Amino acid sequence: MNAGEVTVKHSITFMLDGQAHTPPPFAPDTTLLNYLREHLYRKGTKEGCAEGDCGACTVVVADLQHGSVRYRALNACIQLLATLDGKALFTVESLQHGKQLHPVQQALVDCHASQCGFCTPGFVMSLFALYQNQPNASRLQISQALSGNLCRCTGYRPILEAGERMYEYAHAFPNDDLAETTLITTLTQWAQQPHSLLLEHDGKRFCAPTSLGKLAILLERYPDATLLAGATDVGLWITKQHRDLPTLISLNKVAGLDQITTHAGWLEIAAAVSLEAAFQAIVAHYPSLRELHERFASLPIRNAGTLGGNIANGSPIGDSMPALLVLGARIRLRKGDATRELPLEAFYLAYQQKDLAAGEFVEAVRIPLPNAATGLLRCYKISKRFEQDISAVCAAFHIQLDAKERVTEARIAYGGMAGIPKRASHCEAALSGQAWEQASVTAAMKALEHDFQPLTDMRASATYRMNVAKNLLLKYLLETTGESVSLYATGVQA
Amino acid sequence: MSIGKPIKHDSAELHVTGAAHYTDDLPEPRDTLYAAIGISQQAHARLRSVNLDAVRQAAGVIAVITAADITGVNHLGGAMQDEPVFATDTVEYIGQAIFAVAATSVEAARRAARLAVIDYDPLPHNLDIQHAVEQQQFVLPSKHLQRGQPETALQQAPHRLSGHFQLGGQEHFYLEGMIAFALPREHGDVLIYSSTQHPHHDQKTLASVLGLTEKDIVLECRRMGGAFGGKESQPALFASIAALLALKTQRPVKLRLDRDDDITITGKRHCFDIHYEAGFNDAGLLQGVKLVYASRCGISADLSGPVNDRSMFHADNAYYLEHVDIVSHRCKTNSQSNTAFRGFGGPQGMMAIEYVLDDVARYLQCDPLAVRRANFYGTNGVRSQTHYGMEVEDNIIQRIVNELESSADYQQRRADIIAFNRNSPWLKKGMALTPVKFGISFTATFFNQAGALLHIYSDGSVQLNHGGLEMGQGLYTKVAQVVAEELQIPLSQIRCTATRTDKVPNASATAASSGSDLNGMAAQDAARTLKQRLTEFAASHYGVDAASIVFQDGQIHLGTAKTVSFAHLAHDAWINRISLSATGFYRTPKIHYDPQTMTGRPFYYFAYGAAVSEVIIDTLTGENRVVRVDILHDVGQSLNPALDIGQIEGGFIQGMGWLTTEQLWWDNSGRLRTHAPSTYKIPVAGDIPTQFTVKLLDNNANVEHTIYRSKAVGEPPLMLAMSVFFALRDAVASVGDYRCSPPLQAPATPEAILNAVQAVRDTMQDNA
């Protein structure tokens, strides 16, 4: 074998309860949940919705991140089994030590935190991930860790309490340092021997190449292949639309695609970086995007889904794009060896139409780092429910003011207002050169009517969308001129 | 020894370890097939042709059935017999079952079900309540209930208001979707594992659909992953389809619904349109009220009759309505057949009167609590008869509201909120205190009965069975507590076994909050029978006076001389050929009700409670947070405070969801577009009040002789969430300096709130 060449494997292996587990040949579109329930007869993990929105199927997947184990809660219903290769899986059945309940489980029992119990395994696993990742979590952190878990019975109070109390049980539970050492050893071993995957079954295939070069070859060979990263969308094509996906090509093993790198003036986020990791990096530079981060889907979805996927998908209600548009983000597209870079706003042509050639994919997004020219950045998401909801309207504002408080540049973008995430050019024009005050904003609010003709659907009416789009501009003015109009500050955190 | 203690749920450990078996978790025989339903894609149409060739030829398909395969009668057995299992000539909503398929895998069945070629001849469809009222499209005749001289009272009242508002429905969103698993047995019988609140109803329906008798059919349910009323009548459809396919193929057939299909097919809480007229005096005392309720029932009656009756009964909530006129229209619409949902029409009935009183308070420019208080039922026979002729004998609403007003610091906080709002132009706070009085019993008197079956084995361990279903509320735990108390044995010695139609026959639905009231009493009856039998045996066997025998903490004291363990006694009784099995039975006393005149005593007693909610809204977006909630609730003498508090908190949050984020939205084609958790938003952990205090009312034994003087707790707390809605309305009212009544609709989504804010601003401008 030549240096740099890696082997191809035709089966997957992952750690389950301290043992390496290799499933027998399976259909490449098999979901992890179906594998658990129908093949391993692990019936503790439940199907509540099969679309990653209820959390009853939550499992924990561990992998190595800079030498230590990272535990992530994921929705097994839309996670593909094949993507577990080289990782460790924990299900609700994994936690007990003999007859002794895990601290998370004991705390839930003692807090009377289950009623019908159907959602409970999912809560156990979300809390288990938190327990493993964090020595003590605040009420807010617990609540955020549970944003992807629906419970219809308890009203959540006892579950949140169990999240606070679970740490108290740690001392009575057998120390599992040894297990973790074994886990690290195995995962490290696996990581040192990277391999690509080619799974074929009944005429369907799943490929996980390890380099951009091999990815390019595969895309050329299978031009109709479905690219897969977090499967938060593709998973639903399988569970809900019953689509035939003859070729799935995963980005997850491609070297470099899981990297966040800083360049001169740019933050570069590669295609397979999870939304959670991406947002952590972005918020570190742009703290005003924190609320957007926390309201973006749920933690298990952010753990699985990727920023690249959100951008490439190009949904008019994708929540990352308005902020990226006003920040002047650019994307790099790759086809084979050829790459090209373009401003994000040039990527979206019309509803479900993108400047993307066959076989081409979004390799990375480049976000300018804050500098002297960075102005006042805010992003607002409006939805029926505060957390884990899809926007009715998402608005991002970024203006620069001169010394006289006049707008030198305005970048304003909205989601949910048109067939694509879109800048509000009339609104921007109305503000440019104007004093940053109520009168200019009133005119700019009016200008929005020339930018957008939103739709009515189950999330909001056209009228509401337009009214809120206008009001958010006013809110932005208020908040950048010293007035707090944030429920986020008063409500969640109180 | 266990009554009144915060005992954990009997399945808690099974829940947290994933070891609790729900229907889909039961081991499957290896020849099991999986079913899927083919549903209508049109809201109203004649079926020109239904071509199922492609379905039959699809990979893995073993059987396809339509109405033609029904061996009995093609209807779902509701009182009106107005809903088929499978549509034949006409479909009436998007989601109506037309055929079903059984295949070798879930995926194969679901894929095949999509291959039907159906030629529809579209007919006009309607989902609008007012349009149905105008066209007199009803699933049941309208009802009318009147007391006093409302017309005269209205005319003579110093002040008069009228209004209209809309109240959305609610999807149950039980986490475990509908499922039925049917196994063929000899004689052409069938055993069905089903997630159902009413196995006997399903058994009766199946007997009719399959052309069998009730003895030929057994249903079993150990637990449901939530139900909330959604599994009271509607599982019958899925059990019928699974059983038809199982008998046709002679193989086990499991029908588990995909979530989207579940929400698309099944009925929900009824949406209501409410019109009112109210006359009142300067103090806000209602002198005459007229209410017109119109509800969206969907395509068939289902449980809409009793649901809407309960709305009428609860038009009073906790208030004495001296002169009142109530009309109830049960509208037929081309949508899911709406059904039971926690509160069973009561919440909608009560929202109406709360809305009226809120409007009255705004009109009089006074604290809504003062107006509510002025209208409460009296005590000792004063202002104490309901509009349906039942005496309110146990009124404690004043006490509850007084205690809560003080413990929640209502008056000071209200003043603080008004002050805050004066200085906060965009964020506005609101607060409301609302009461609950809820009638306990099935209004259909015959349902108020229950049975239990108790076995003591030769080692002293006990199996308990009763007709009630476990859906998370902790019924099995509470009933086991009753038996443990009666026999004085530890709970660990008792196993409550899965509810089965062949163990306790003819059991009522576990519904109407009545689970522990009915089944607790039935189990107590069985336990007392066995205890009596054991006492008599012990007296003769050990030669002691029966009166001196005491059961205590697992021991039987035989006078002062000798003590034996319960296991020892059980063993001796077995050896001496004493029957150690008994049934128990209970029927609720005192209740009677004439459905023609809508008068009588439909309820054994009332459960009470009150809540204060504080909210903050963003008047630029309508988004909001519930900041603080204080609840004081009456459960009588609690059987288990931990379980009761769980019901109160859970019910409250569920009610809050109904009135805030949970919106059902149909498009113009009549398709429900909020058919998954991605679009239908129930509360998550982050939505619960930052401060959330729930207390049980102290020292309040039920005046009626219920099981250990407890009170039912399943439904009443849901209505405590009315306080959230009226707090939101209060916050909106502050935009107009509390000088007009915001036209806030429910659910109070951000959009509904922003609309109301805008309406208040417009009104203020018009008045300026």
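Residues numbered from 1 in each chain as written. Chains lettered and ligands numbered in written order. Predicted model: local features only at pLDDT ≥ 70, side-chain atom pairs only at ≥ 80, totals over all residues. Heavy atoms only, no water.

> Explain the overall build of chain B here, please?
In terms of regular secondary structure, chain B is built from 19 helices and 29 strands. Dimensions along the principal axes, computed over C-alpha positions, put chain B at roughly 90 × 75 × 45 Å. Counting every position in chain B, which comprises 768 residues, the buried fraction comes to 67%. In chain B, once contacts between residues fewer than 6 apart in sequence are set aside, the share between residues at least 24 apart is 80%. When the accessible surface of chain B is split by element, carbon and sulfur atoms take 49% of a total near 24700 Å². Positive and negative side-chain charges of chain B, numbering 65 and 80 respectively, have mean locations separated by a distance of 2 Å. (Helix = DSSP H or I, 4+ residues; strand = E, 2+ residues; numbered from the N terminus. Buried < 20%, exposed > 50% of the residue type's maximum accessible area, 1.4 Å probe, protein only. Contact = heavy atoms within 4.5 Å. Areas by Shrake-Rupley, 256 points an atom, 1.4 Å probe, with all protein chains shown as cover. Lys, Arg positive; Asp, Glu negative; His and termini not counted. Charge placed at Lys NZ, Arg CZ, Asp CG, Glu CD.)

> I tried to follow the sheet that holds strand β17 (residues 361-368) of chain A on my own but got confused; where do I start?
All names here are of chain A. Read from one edge to the other, the open sheet built from 5 strands follows the order β11-β12-β17-β13-β14, with strand pairing classed as antiparallel. Only two strands of the sheet have a single partner each, and these edge strands are β11 (260-263) and β14 (338-343). The average angle at which neighbouring strand axes cross in this sheet is 25°, direction not considered. Here 4 bridges tie β11 to strand β12 (residues 266-270), and the two strands are oriented antiparallel to one another. When the bridges of β12 are listed, isoleucine 260 appears paired with isoleucine 269. (Pairing = 2+ DSSP bridges. Axes fitted to C-alpha atoms, helices over the stretch in contact; angles between N-to-C directions.)

> Can you help me understand unusual backbone geometry in this one?
With glycine set apart, most residues show a phi of negative sign, and most peptide bonds adopt trans. The step from alanine 746 of chain B to proline 747 of chain B runs through a cis peptide bond, and the omega angle for that step is 0°. A positive phi angle, near 50°, is found at histidine 242 of chain A, a position not held by glycine. We classify histidine 242 of chain A as buried; its relative accessible area is 9%. Of note, glutamine 488 of chain B is a non-glycine position whose phi angle comes to about 55°, a positive value. In this fold, glutamine 488 of chain B is placed in the loop between α14 (475-487) and β19 (494-496). Residue classification places glutamine 488 of chain B among the buried positions, given a relative accessible area of 12%.

> Sorry, what's going on with the interface of chain B and chain A here?
Size of an interface: often given as the accessible area lost when the parts come together. Contacts between the two partners involve 83 residues from chain B, matched on the other side by 81 residues from chain A. Each partner contributes to the roughly 6700 Å² buried at the junction of chain B and chain A, and carbon and sulfur atoms together form 57% of this total. Broken down residue by residue, the surface that chain B buries against chain A is led by Val16, Leu175 and Arg625 of chain B, which jointly contribute 11%. Across the pair aspartate 618 of chain B and lysine 475 of chain A runs a salt bridge whose closest N-O atoms are separated by 2.2 Å. Those elements that place two or more of their residues in the side of chain B that touches chain A are α1 (12-17), α3 (106-113), α8 (259-265), β27 (605-618), β28 (624-633), α17 (641-659) and α19 (750-767) of chain B. If one sorts the elements of the side of chain B that touches chain A by residue count, α17 of chain B sits on top with 8 residues. Broken down by class, the residue content of the side of chain B that touches chain A amounts to 34 nonpolar, 24 polar and 25 charged. (Buried area = accessible area lost by both parts, 1.4 Å probe. Salt bridge = Lys/Arg side-chain N within 4 Å of Asp/Glu carboxyl O. Nonpolar A, V, L, I, M, F, W, Y, C, P; charged D, E, K, R; others polar.)

> Help me out: how do you make sense of the domain arrangement of chain B in this one?
Residue and element names in this part refer to chain B. Domain annotation of chain B identifies domain 1 (30-124 + 172-265), domain 2 (272-443 + 595-767) and domain 3 (449-587). A separation of 40 Å is found between the C-alpha centroids of domain 2 and domain 3. Opposite the 21 residues of domain 2 that make contact, domain 3 presents 22 residues. Roughly 1500 Å² is buried in total at the junction of domain 2 and domain 3, and carbon and sulfur atoms are behind 59% of that figure. Its largest share of buried area at the contact with domain 3, domain 2 owes to Phe442, Ile707 and Tyr708, together 40% of the area lost on that side. Between the two partners, domain 2 and domain 3, sit 1 salt bridge. Linking lysine 478 and aspartate 644 is a salt bridge whose minimum nitrogen-to-oxygen distance equals 2.7 Å. Where domain 2 meets domain 3, there are 6 residue pairs in polar contact (both at pLDDT 80 or more). Among the elements that make up the side of domain 2 that touches domain 3, the one with the highest residue count is α17 (3 residues). (Domains from an automatic or database assignment. Polar contact = N/O pair within 3.5 Å; in protein donor to acceptor, adjacent residues only side chain to side chain.)

> Honestly, the pairing of strand β16 (residues 427-440) of chain B in this entry has me stumped. Any pointers?
Regular strands place their side chains on alternate faces of the sheet. Residues and elements named next belong to chain B. Among the 14 residues in β16, 13 count as buried, and that is most of the element. In this sheet, β27 lies alongside β16 in antiparallel orientation, the contact comprising 14 bridges. Bridge pairing links proline 435 to alanine 610 in β27.

> When you look at the side chain of arginine 334 of chain A in this model, what are you seeing that I'm missing?
Residues and elements named next belong to chain A. Its location among the elements puts arginine 334 in strand β13 (residues 330-335). Of the polar contacts made by the side chain of arginine 334, one reaches the side chain of glutamate 363; its length is 3.0 Å. When near neighbours in sequence (up to four residues on either side) are disregarded, arginine 334 contacts Leu212, Thr339, Gly359, Glu360, Phe361 and Glu363.

> Is there a simple way to explain the packing of helix α18 (residues 722-735) of chain B against α19 of chain B in this structure?
Geometry of a packed helix pair, given as the angle between the helix axes and the separation of the axes. Residue and element names in this part refer to chain B. Direction vectors running N to C along α18 and α19 enclose 35°, while the axes themselves pass 8 Å from each other. Note that α18 runs across α19; the crossing there is right-handed. On the side of α18, the interface is formed by Leu728, Val732 and Val735, while α19 contributes Ile753, Ala756, Val757, Val760 and Arg761. Per-class residue counts for the contact of α18 with α19 are 7 nonpolar, no polar and 1 charged. (Left-handed = near helix turned anticlockwise from the far one by under 90°.)

> What exactly am I supposed to notice about helix α12 (residues 397-407) of chain B here?
Given 3.6 residues to a turn, an α-helix orients residues that are three or four positions apart in the same direction. All names here are of chain B. Looking only at α12, the buried set comprises Ile397, Ile400, Val401, Leu404 and Glu405. Along the axis of α12, the buried residues cluster in a sector spanning 125°; they form a single face. Structurally, α12 contributes buried residues whose contacts are with α11 (368-375), α13 (410-423), β16, β27 and β28. Just beyond α12, the residue with positive phi is aspartate 409, at close to 55°. (Arc of directions from axis to C-beta.)

> In this structure, what is going on with the UniProt feature "domain: FAD-binding PCMH-type" (unreviewed entry) in chain A? I would like to understand it.
Within this structure's numbering, the places UniProt gives as "domain: FAD-binding PCMH-type" (unreviewed entry) are residues 199-372 of chain A. Split by type, residues 199-372 of chain A is 33% helix and 28% strand. Its first and last C-alpha atoms lie 50 Å apart. (UniProt positions renumbered as here; feature names shortened; annotations may be inferred.)

> Would you take a moment to explain the sheet that holds β16 of chain B for this structure?
Consider a sheet: its strands pair through backbone hydrogen bonds, and that pairing is either parallel or antiparallel. All names here are of chain B. Strand order in the open sheet formed by 4 strands is β16-β27-β28-β29, with mixed pairing between adjacent strands. The open sheet terminates on both sides in strands that have one partner only, identified here as β16 and β29 (691-696). Neighbour-to-neighbour, the strand axes of the sheet open up by a mean angle of 15°, direction not taken into account. In this sheet, β29 lies alongside β28 in parallel orientation, the contact comprising 6 bridges. Following the sheet pairing, arginine 628 is matched in β29 by glutamine 691.

> Got a minute to help me understand the environment of glutamine 197 of chain B in this structure?
Residue and element names in this part refer to chain B. Turning to its location among the elements, glutamine 197 is positioned in the loop between β10 (190-194) and α6 (199-210). When the C-alpha positions of glutamine 197 and cysteine 221 are compared, they lie 8.6 Å apart, and in sequence the two are 24 residues distant. A distance of 3.3 Å separates the side chain of glutamine 197 from the backbone nitrogen of glutamate 232, its partner in a polar contact.

> What is the right way to read the pattern of salt bridges from this model?
For side chains of opposite charge, pairing can occur when their charged atoms come near one another. Per the counting criterion, the structure on display carries 82 salt bridges over all chains. A salt bridge links arginine 157 of chain A to glutamate 161 of chain A; its shortest N-O distance comes to 2.9 Å. Residue arginine 157 of chain A and its partner glutamate 161 of chain A are located together in helix α5 (residues 157-165), separated by 4 residues, close to a single helical turn. Among the salt bridges present, the one from arginine 160 of chain B reaches glutamate 277 of chain B, with a minimum N-O distance of 2.9 Å. Taken as a pair, arginine 160 of chain B in strand β8 (residues 159-167) and glutamate 277 of chain B in strand β13 (residues 272-280) lie far apart in primary sequence, 117 residues in all. Since its relative accessible area comes to 39%, arginine 160 of chain B is described here as partly exposed. Residues participating in the shared-partner salt-bridge network are Arg37, Lys46 and Glu47 of chain A together with Asp24, Asp25, Glu28, Lys254 and Arg256 of chain B.

> Would you take a moment to explain the packing of aromatic side chains for this structure?
Ring pairs (aromatic) are described by centroid distance and by the angle formed between their planes. Counting across every chain of the model gives 33 aromatic pairs over all chains. The interplanar angle of 75° and the centroid separation of 6.2 Å between the aromatic rings of tyrosine 71 of chain A and phenylalanine 128 of chain A together place this pair among those described as edge-to-face. Taken as a pair, tyrosine 71 of chain A in strand β5 (residues 68-75) and phenylalanine 128 of chain A in helix α3 (residues 120-133) lie far apart in primary sequence, 57 residues in all. Overall, tyrosine 71 of chain A belongs to the buried group, its relative accessible area being 5%. When its relative accessible area of 4% is taken as the criterion, phenylalanine 128 of chain A is described as buried. Ring geometry for phenylalanine 165 of chain B versus tyrosine 355 of chain B: centroids 3.8 Å apart, planes at 5°, classification stacked. With phenylalanine 165 of chain B in strand β8 and tyrosine 355 of chain B in helix α10 (residues 346-364), this pair connects stretches of sequence that are 190 residues apart. Taken individually, phenylalanine 165 of chain B and tyrosine 355 of chain B each receive the classification buried, so the pair is uniform in this respect. Grouped by ring-pair contacts, the aromatic residues Tyr380, Phe397, Tyr414, Trp436, Phe452 and Tyr476 of chain A constitute a single cluster. Lying across the ring of phenylalanine 386 of chain A, arginine 295 of chain A places its NZ or CZ 3.9 Å from the centre. (Phe/Tyr/Trp six-rings, centres within 6.5 Å; stacked < 30°, edge-to-face > 60°. Lys NZ or Arg CZ within 6 Å of the ring centre and 35° of its normal.)

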